[in-house]
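For reference, the chains in residue letters:
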Amino acid sequence: MMQTIIEIARHELITQWRSQTLKILLPLLLVLTALIAFSHWQQQQDFIEAQTIWQQQNDAEWDAQPDRHPHRAAHYGTMVFRIISPLSFIDSGVNPFVGNALFLEAHRQNSSSFKQYVSSTAYMGLGYLSGATIILVIWPLVLIALAFNSVSGERVQGTLRQLISQGISVKQLLIGKTLAYSLISLVFLLVIFIIAIGFMLQTQVHGSDVLRMGSMFVLYLFYCLLWTITVILFSNWCRTNQQSLSALLLFWLLTVIVMPKMAYSLAEMQYPMPDRAVFDIQTAQEIAKVGDSHNPDDPHFSEFREKVLAEYGVSRIEDLPVNWRGVVMQEGERITSEVFTQQYENLMQIAEQQNQLVSHVAWFSPYLLANKLSSIFAATNAGSFLHYENAAEQFRFNFIKQLNQLHAEQIDHAHDREQKVTNEQLVNLQQFDYQSPTLQNELNLIYRPLLILLGWLIIGVLLLSRSRNEVD
Amino acid sequence: MRFIQFELRLLWQNKLFKWLMLAYLLAAVLAIIWGQIGLEREYQQRTISEVNYQAELADYQEDAPLVPYDSGYMSYYQFHPVWQKPSAWSALIHGERSEAATHTRVRLLGLQSQLSNTATGNIAAMPIGKLDLSFIWIYLMPLLIAALSLNLLAEEKASGRWSLLASQVANSAMLLTKKMLIAAGLLAVVNIVILLAAVVLTDIRLNGLWWQIAAVLLAYQLCWFLITGWIISLQRTAIFNSLLFISLWIVFAFVLPGLAYLYQTQQQQPAEHVSMLFDQREYMHDSWDKDKQADFDAYLQDYPQWQTTEPTLQQPFDWRWYYAMQHMSDVIVAEAVAQFRESRVNSHQIGNQVAWLSPLMRLQYSMNRFADTDMLASQAFLDQIGDYHQQLRDYFFTFYFFGKPFTVDDFADIPQFDYQPVSFNNTFKTIFNLLLVGLFFVGLILLQTRRNYD
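Residues numbered from 1 in each chain as written. Chains lettered and ligands numbered in written order. Predicted model: local features only at pLDDT ≥ 70, side-chain atom pairs only at ≥ 80, totals over all residues. Heavy atoms only, no water.

## Re the overall build of chain B
Counting its secondary structure elements, chain B contains 17 helices and 2 strands. Relative to the globule expectation of 22 Å for 454 residues, the C-alpha radius of gyration of chain B, 29 Å, shows a markedly less compact shape. Expressed as lengths along the three principal axes of its C-alpha atoms, the size of chain B is roughly 100 × 45 × 35 Å. Across the 454 residues that make up chain B, the buried fraction comes to 56%. In chain B, of all internal contacts separated by at least 6 residues, the share reaching a separation of at least 24 is 80%. Entry remark: accessible area of chain B is about 19,600 Å², with carbon and sulfur atoms responsible for 61%. Averaging the locations of the 30 positively and 39 negatively charged side chains of chain B gives two centres separated by 21 Å. (Helix = DSSP H or I, 4+ residues; strand = E, 2+ residues; numbered from the N terminus. Rg over C-alpha atoms; globule rule 2.2 N^0.38 Å. Buried < 20%, exposed > 50% of the residue type's maximum accessible area, 1.4 Å probe, protein only. Contact = heavy atoms within 4.5 Å. Areas by Shrake-Rupley, 256 points an atom, 1.4 Å probe, with all protein chains shown as cover. Lys, Arg positive; Asp, Glu negative; His and termini not counted. Charge placed at Lys NZ, Arg CZ, Asp CG, Glu CD.)

## Remarks on a nonpolar patch on the surface
Residues and elements named next belong to chain A. There is a patch of nonpolar side chains on the surface, built from V218, F222, Y447, L450, L451 and L454 and spanning about 510 Å² of accessible area. If you tally residues by element for the nonpolar patch, the top one is helix α16 (residues 443-465), at 4 residues. Note on F222: relative accessible area 33%, which makes it partly exposed. (Patch = residues over 30% accessible without salt bridge, like charges linked within 9 Å, V, L, I, M, F, W, Y side chains within 5 Å. Salt bridge = Lys/Arg side-chain N within 4 Å of Asp/Glu carboxyl O.)

## Notes on a negative patch on the surface
Together, D59(B), E62(B), D63(B) and D70(B) give the surface a local cluster of negative charge. Looking at the element boundaries, D70(B) is found in helix α3 (residues 68-77).

## Structural notes on the packing of aromatic side chains
Following the criterion strictly, the structure yields 70 aromatic pairs over all chains and no others. An angle of 45° between the planes, with centres 5.3 Å apart, marks the rings of F234(A) and F251(A) as tilted. With F234(A) in helix α8 (residues 207-237) and F251(A) in helix α9 (residues 241-270), the pair connects residues that are 17 residues apart, well separated along the chain. Among the residues examined, F234(A) registers a relative accessible area of 16% and is labelled buried. Here the basic side chain of R68(A) rests over the ring of Y76(A), its NZ or CZ set 4.5 Å away from the ring centre. Here R107(B) stacks its cationic end above the ring of Y76(B), 5.1 Å away from the centre of that ring. (Phe/Tyr/Trp six-rings, centres within 6.5 Å; stacked < 30°, edge-to-face > 60°. Lys NZ or Arg CZ within 6 Å of the ring centre and 35° of its normal.)

## Some points on the interface of chain B and chain A
Each partner contributes to the interface: chain B provides 87 residues, whereas chain A provides 97 residues. The junction of chain B with chain A conceals about 8,300 Å² of combined surface from both sides, 66% of it contributed by carbon and sulfur atoms. For chain B, the biggest contributors to the area lost against chain A are I128(B), F254(B) and Y261(B); these three give 9% of the whole. Scanning the region where chain B abuts chain A turns up 4 salt bridges. There are 33 residue pairs in polar contact (both at pLDDT 80 or more) connecting chain B and chain A. Elements supplying a minimum of two residues to the side of chain B that touches chain A: α2 (15-62), α3, β2 (103-106), α5 (133-149), α10 (238-266), α11 (274-289), α14 (334-354) and α15 (359-370) of chain B. (Buried area = accessible area lost by both parts, 1.4 Å probe. Polar contact = N/O pair within 3.5 Å; in protein donor to acceptor, adjacent residues only side chain to side chain.)

## Some thoughts on empty space enclosed by the protein
All names here are of chain A. Taken as a whole and assessed by the stated rule, the structure comprises 8 cavities of 30 Å³ or more. If you add up the space inside the largest cavity, you get close to 130 Å³. Taken together, 13 residues make up the lining of the largest cavity; nearest its centre are H40, S88, S92, Q116 and Y128. Split by residue class, the lining of the largest cavity holds 6 nonpolar, 7 polar and no charged. For the second largest cavity, the calculated volume is near 90 Å³. (1 Å grid on protein atoms, 1.4 Å probe; cavity = no way out; pocket = protein on both sides within 12 Å on 5 of 7 lines; lining within 4 Å. Points joined across faces, edges and corners; volume = space filled by probe spheres on them. Nonpolar A, V, L, I, M, F, W, Y, C, P; charged D, E, K, R; others polar.)

## Considering the sheet that holds strand β1 (residues 78-81) of chain A
The pairing of strands in a sheet comes from backbone hydrogen bonds and takes either a parallel or an antiparallel form. Spatially, the 3 strands line up as an open sheet ordered β1-β2-β3 (chain A), and their pairing is antiparallel. Whereas interior strands pair on both sides, the edge strands pair on one side only; in this sheet they are β1 and β3 (108-109) of chain A. For β1(A) and strand β2 (residues 101-105) of chain A, the ladder comprises 4 bridges, and the chain directions are antiparallel. Directly across from F81(A), in β2(A), lies its bridge partner A101(A). Those strands touched by α11(B) are β1 and β2 of chain A, and its axis lies near 165° from that of β1(A). (Pairing = 2+ DSSP bridges. Axes fitted to C-alpha atoms, helices over the stretch in contact; angles between N-to-C directions.)

## Structural notes on the pattern of salt bridges
This model, assessed by the stated rule, comprises 21 salt bridges over all chains. The residue E331(A) makes a salt bridge to R334(A) at a minimum N-O spacing of 2.9 Å. Linking E331(A) with R334(A), this pair stays in helix α12 (residues 324-362), spanning 3 residues, or about one helical turn. By relative accessible area, R334(A) is classed as partly exposed at 28%. Each member of the salt-bridge network shares a partner with another, and the members are R68(A), K420(A), D286(B) and D289(B).

Given below as structure tokens:
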């Protein structure tokens, strides 16, 4: 049994080795992928270096600033730069689409739209040109081109009847052929990953990156296997070669191109998001509802004043041991930050609803599943970006809080504006120390799409092994 | 005529043909409806911001007249909405509109740091992209054309009808051409129906622009029919035809746009424009620690229109100095802003050049231009915000610099932002480009036919 399958696979490989299609397509695709990987690698390293330099410049400028009033320093603010994952050059995920510099200052949660490059990505309608796209979008097409007639061809030419009469079952034939094309995929992936590892070795490699890269390799291999099985099954089901090819191309078009786009468009229809202006307005309105720190008659702040006065057992703000303005500033900051975080969470909730809807569609699109997993493994998914943004907002709040504390404790209420704190006090503030999530943290995101993908694989294998000996 | 009738009947009996056409038509109409809903939502968002804006102004109006110190505060807090108003066609052709905020708000402070706001949106959706009518036209229609006509010859041959027909008709190539023309004609009719549906379902009008877009679309269709014709003329198997076609499509739709993007990005330093934010921030905050009066004097030197103002600054704080420094923080980064602008436009131009090689890219660039949803439109929006900010400055500075109270009547004269679309488009260039590609393939067909007869 095993012997036969291996013999079939060997025979199929020899046939492919002699065919024009493989000889042209495989080297072409490998060269293209290597070229892309090289240039993305180079750009990624440039970007990481640039971001690091920006961060250093920002920190140096913060340290070099003159003695300043703490609230001045709070508006001067600080910038943080998201350093992209070292695996971005294989799967760039959301990186080309988002701004990676955040400017943090008092009262405001700015995200900057300075993307890595100013060029538009809209013209790559079939997917961003990256290694992952070539593996997930283009390679299935190559598999289709190589194998669409692998069974239907035998049937049309009558060789299938011969094989069966020799005692080979269709089941064995299908598994053997699946094995052959999986081996071709394996070679393709191996070459790409060897090149990728070559790039990675030029920098310091962390253990977690090795794990991530390994996961990507396994994922891609599974994905290719799933496609191979799909192609072989279609080829077995269809009566003619042309039918098999048309059906497979249509299947590819629907599951890889149309369904994903349609799913997101539908989700956007279903769960609309406020645009930038309206989001800002809603946030401002919510803040105003709680309290306006700049309005002397604001009920929230009147109450807050009474509370603080009672706490210190004094009757006038001038008698407080701390600077009332700094205290108010911090209360205002607390409100803004809380409301903003809440509003932003609402916004992300809408995005989450959209993604939920898409994840239902993804049951039927292995591409969507693999694409999601791939970007999670590469740490370039939307979640990794939002995690960073969230951490930056936390940091911003604490950063401004420390400045407000300086304001309350070091600056006298009388002649507030003319006073300053020393540069040293500013330099001593805590710096942003970002820890990106590990794969273990993200298991809850991973297991579902992975299980569905495995489910499809099992169904595919079952279908293969249940194939009956039909000769025409 | 009878030939056409016969062929039409034949096509009508062809289930695949019928279903494909129907699916195409349905998908297109659905895309139009979705696009229109999206467009109407943009208008609704704008209404929300306008209502809020008027309410905010009305609040200040209650306290009018405002002395310059208070109206200075007003400008500190008051945001003015700016909107890159979408054209009617943007419902069908979304273009690059998701890539930057098209509706945001600005105030009288330094402008550049306000413009770096990101658009809200589902980040996870961005790499996948939108399904709008332009995607169906640009990317999917070629596949439809292939499905309709690629295997006309191969199928006829396989069914044995071809030898019969070819023996009866003198010029078999002519027969094939006629068959293709019928398929092309039917698709053209469907496309016109879709365009007319757009007129009914959206705010698109049957004007010159409509005709230009129809013409470009038909030229694109012709171009792909010629490509298909060339493949047929090779007289290979149906399988070979399909594989060759799909390879060409991938090159035009994926490889060339991707390489063009790669080339565009190679021309840039990553995130080079962040320095704009740095410089602006340094300037703004350093000014607090410098000699305010000296800076203000220098400002009045540079902007003589404000020279008749009271030259001495009020202590401890003067809005005139504040807004002057905010303005200066824009002035000192003007060069970086100009460079940013040039990078964007340059990148757009490179893409536009590469598009000569790919009819698919050409149509996309052309469509996005028609709908005013491309980089040029987005840049025009930024430029116009700059102009608007200047108008706001000119308006409010009159009150601050000449000590005028801001009265109830002055609210009505606050400048409003009104986006002016970039109105040129590349109809002739596009048609020329598409015909050029078409002619190239006609040349190949002629060459091939000669070879076939030899």
